[in-house]
Amino acid sequence: MIVENAANLRAGYERLENVKVVQTRVQHIRDTRASLEELEGPIREATTAFGLIRDRLPIEERIRLTRRLELLAGIIQRSEKDFATHPRQVQNLISAENTVKAILGEIDQAWQGYARAQTAGYWDLLGIVRRLPDLAPQSAALHQALVAMDPPSQAAPRGDARLRAFDDGLGRIRDRARAFSALPTPVLTFLTLVAQEQASLAHLTPEVLAWLDEHDYLSSFDVRFAGLV
Amino acid sequence: MAPAALGALERLLPLLIENRVPGRSSLPTPTEWRQELQAIKRRSPTAWQEVTDRLWQRVEPAALHKTLRASLNLARGGPRSPEQSGVFLDAATALDELEAFQADGWQLTGFDAKTDGWTVTWAQLADAWRILARFVPSGNAEAAGRLLEERGRLDRVMGTSDEETVVGAIGETLQTMSRYQKPNQVAGAGRLEIKQIAEARRRLRAVCSAAGRGDVVLSATLAVSKPTIDEVSATVAELTTFADFVSNELDAVEAELARIGVDDASERTEAELTGTAYRRILGAFPSAAPALTGEGRS
């Protein structure tokens with residue numbers, strides 16, 4: 001009895017130990033999968049967002065973000081390789097998670113730069129034309145279109161719909177800006193320089209002076225000595 | 001009865017009588033001791049038992065054991081040969097004769113044998129009597145019953161295994177427990193030795209065998225075994241404790257295994273699911289990263 005029971009007990013201990021080892025390994029595998037599942041969303045966000053906007057970005061920005069995504073893919077590939085021998089990959093995947101979060105921030109930043117560049121000229125135009133009372137309705141319409149569009153501080157589009165909405169908004173801004181296309185170029189140049197406080201009397205050409213007189217804007221301007229405080 | 005044993009017993013009984021008659025310095029003739037014995041019996045029907053009890057109280061167990069071995073097994077032709085000492089008792093024969101003596105109700109009917117030529121000193125007779133008096137049954141049944149139980153326990157614990165296998169199994173089990181850092185209260189079993197268990201089995205077998213041969217043989221066996229009985233009990237107790245511990249621990253381990261219920265299949269399934277998750281995530285990259293890789297390197 002004692003010999004058989006003792007042999008069974010030893011076998012039981014070994015089985016229990018093996019089961020605990022397997023149990024621990026299974027838990028490690030589950031932890032890894034949970035980390036992967038947490039990681040999947042941000043990675044899809046990043047790759048999708050980059051895929052959507054990459055053609056709109058400057059080449060240097062594209063290369064930089066591409067390398068960042070390659071780095072991220074490399075971390076995950078190494079983790080997949082290590083997983084065969086070390087089933088708990090949580091630490092490696094935390095590193096991947098931090099990387100993807102940083103990349104998403106960089107994509108958003110790149111997008112914001114692009115978006116600002118797309119609307120900056122129209123904001124400048126608005127800064128000029130809003131000073132012209134007889135163009136007030138057109139200025140208000142342009143202002144509305146600029147404000148209605150996604151503010152440039154927003155994140156990069158994660159889907160086609162938001163990108164289309166951005167492009168539609170940009171289209172509306174262009175349409176509203178066309179209301180000012182009747183302005184002669186010298187007048188527009190003069191008004192731009194005035195808005196930038198860089199206009200001189202030399203810019204006040206006869207053509208510009210005539211246009212301002214015709215539209216009864218002469219009383220809207222002061223003449224001062226340059227450089228005086 | 002064998003003549004030698006009869007002669008010895010015949011000469012022992014005068015000592016009993018002598019104890020009742022202080023100052024007696026020579027052997028009585030058979031007729032004299034028979035007369036004296038009859039006188040004792042007439043004076044007191046319980047004389048035999050009284051004298052036996054008195055002798056019993058005077059007996060030191062350790063000295064008895066020593067003298068038993070020296071006297072009962074005194075070899076013919078040895079330093080104190082029967083020719084010289086006048087007493088020779090073959091142990092096995094003496095025990096058989098005592099058994100028969102007991103079966104006759106301790107009657108002296110068999111003591112008519114010729115005893116001519118026997119020369120015994122009183123001291124030798126006293127020694128021999130003390131030894132034989134030790135065989136008067138007293139509480140043997142209880143002791144034997146306890147030892148029979150011990151034998152039963154030992155047989156149950158050991159099953160059909162020999163001592164070497166049992167000691168090996170104990171050692172391996174204790175090592176396994178130590179390797180897996182299992183607390184135990186049976187480390188003492190690791191000190192059990194093969195010869196110790198073998199001796200316990202041998203002793204218990206002897207007692208069981210003697211128990212089947214009658215009270216006198218059983219008494220003699222118990223007397224001989226007495227100093228080691230406690231060791232035998234301790235050995236059996238150690239083995240039983242270990243066996244019980246192993247049995248309980250085995251139940252606990254099996255229950256734990258049943259409760260956990262994890263198998264290798266679940267590990268494979270989990271690993272496959274995780275491998276799929278890796279491939280799914282890496283698959284998200286080609287739409288952006290690989291296509292751009294070339295661009296990035298350009």
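Just so we're clear, the structure is a prediction, and the values are computed from it rather than from any experiment.

Novice: Go over the overall build of chain A with me, naming the residues and quoting the values.
Specialist: Across its full length, chain A carries seven helices and zero strands. Each helix (α) and strand (β) of chain A, taken in turn from the N terminus, gives the series α-α-α-α-α-α-α. Out of the 229 residues belonging to chain A, those deemed buried represent 27%. Considering only contacts in chain A between residues 6 or more positions apart, those separated by 24 or more positions represent 68%.

Novice: Can you tell me about the overall build of chain B, naming the residues and giving the values?
Specialist: When helices and strands are counted, chain B shows 13 helices and zero strands. Ordered by position from the N terminus, the helices and strands of chain B form the series α-α-α-α-α-α-α-α-α-α-α-α-α. Counting only residues that meet the buried cut, chain B has 29% of its 298 residues in that class. Long-range pairs, those at least 24 residues apart, make up 78% of the contacts in chain B between residues at least 6 apart in sequence.

Novice: Give a detailed account of the interface of chain B and chain A, specifying residues and quantitative values.
Specialist: On the side of chain A, 44 residues touch chain B, which itself brings 48 residues to the contact. Residue assignment for the side of chain B that touches chain A shows that the elements contributing at least two residues are α8 (140–158), α9 (163–179), α11 (215–260), α12 (264–283) and α13 (289–297) of chain B. Classifying every residue of the side of chain B that touches chain A gives 26 nonpolar, 11 polar and 11 charged.

Novice: How would you sum up the nonpolar core? Please name residues and give values.
Specialist: A:Ile2, B:Val166, B:Ile170 and B:Leu239 are the most contacted members of the largest nonpolar core, which has 26 residues in total. Only α1 (2–53) of chain A together with α8, α9, α10 (194–211) and α11 of chain B provide two or more residues apiece to this core. Sorting elements by how many residues they give to this core places α11(B) first, with seven residues. The residues contacting B:Ile170, other than those within four sequence positions of it, are A:Ala6, B:Ala189, B:Gly190, B:Leu192 and B:Phe242. Core analysis: the second largest hydrophobic core is formed by 24 residues, A:Ile43, A:Phe50, A:Ile107 and B:Phe285 among them.

Novice: Explain the environment of A:Met1 to me, and be specific about the residues and the numbers.
Specialist: If you trace the backbone, A:Met1 turns up in the segment before α1. Setting aside its immediate chain neighbours within four residues, A:Met1 contacts B:Arg156, B:Val157, B:Gly159 and B:Ala243.

Novice: Run through helix α2 (residues 59–83) of chain A, naming residues and quoting values.
Specialist: When the terminal C-alpha atoms of α2(A) are compared, their 36 Å separation across 25 residues agrees well with the 36 Å that a helix rising 1.5 Å per residue should span. Buried within α2(A) we find A:Leu65, A:Thr66, A:Arg68, A:Leu69, A:Leu72, A:Ala73, A:Ile76, A:Ser79, A:Glu80 and A:Phe83.

Novice: Describe in detail the packing of helix α3 (residues 90–129) of chain A against helix α5 (residues 160–177) of chain A, supporting the description with residues and values.
Specialist: All names here are of chain A. As a packed pair, α3 and α5 sit with axes 11 Å apart at the nearest point and diverge in direction by 30°. Here α5 runs roughly parallel to α3, going by the angle between their axes. In this structure, α3 meets α5 at a crossing whose hand is left-handed. Contacts between α3 and α5 involve Gln-118, Thr-119, Tyr-122 and Leu-125 on the former and, on the latter, Leu-170, Ile-173 and Ala-177.

Novice: Describe the confidence of the model for chain B, listing the residues and the values that go with them.
Specialist: All names here are of chain B. Taken over all residues, the pLDDT of chain B has a mean of 63, while the share at 70 or more is 41%. Looking over chain B, one finds the lowest element-wise mean pLDDT in helix α1 (residues 3–20), namely 39, and the highest in α12, namely 91. Note on residues 1–30: pLDDT under 50 across the span, and 56 contacts to partners over four residues away in sequence or across chains. Here residues 133–137 is modelled with pLDDT under 50, and outside its nearest four sequence neighbours on either side it reaches 15 contacts, counting other chains as well. Both scores are given for the predicted complex: the pTM is 0.59, the ipTM 0.79.

Novice: Which residues make up the packing of α1(A) against α2(A), and what are the values?
Specialist: Residues and elements named next belong to chain A. It is the contact of α1 with α2, at a shortest axis distance of 12 Å, that shows an interaxial angle of 160°. The pairing of α1 with α2 is recorded here as roughly antiparallel in orientation. Seen along the crossing, α1 lies across α2 with a hand that is left-handed. Mapping the contact onto sequence places Thr-32, Ala-46, Thr-47 and Phe-50 in α1 and Leu-65, Leu-69 and Phe-83 in α2. Grouping the amino acids of the contact of α1 with α2 by side-chain chemistry returns five nonpolar, two polar and no charged.

Conventions and cut-offs
- Residues numbered from 1 in each chain as written.
- Chains lettered and ligands numbered in written order.
- Predicted model: local features only at pLDDT ≥ 70, side-chain atom pairs only at ≥ 80, totals over all residues.
- Helix = DSSP H or I, 4+ residues; strand = E, 2+ residues; numbered from the N terminus.
- Buried ≥ 20, exposed ≤ 12 C-beta atoms within 10 Å, placed from the backbone.
- Contact = placed C-beta atoms within 7 Å.
- Nonpolar A, V, L, I, M, F, W, Y, C, P; charged D, E, K, R; others polar.
- Core = buried A, V, L, I, M, F, W, Y, C linked by C-beta atoms within 7 Å.
- Expected span 1.5 Å × (residues − 1).
- Axes fitted to C-alpha atoms, helices over the stretch in contact; angles between N-to-C directions.
- Parallel < 35°, antiparallel > 145°, perpendicular 65-115°, else oblique.
- Left-handed = near helix turned anticlockwise from the far one by under 90°.
- pLDDT = per-residue confidence, 0-100.

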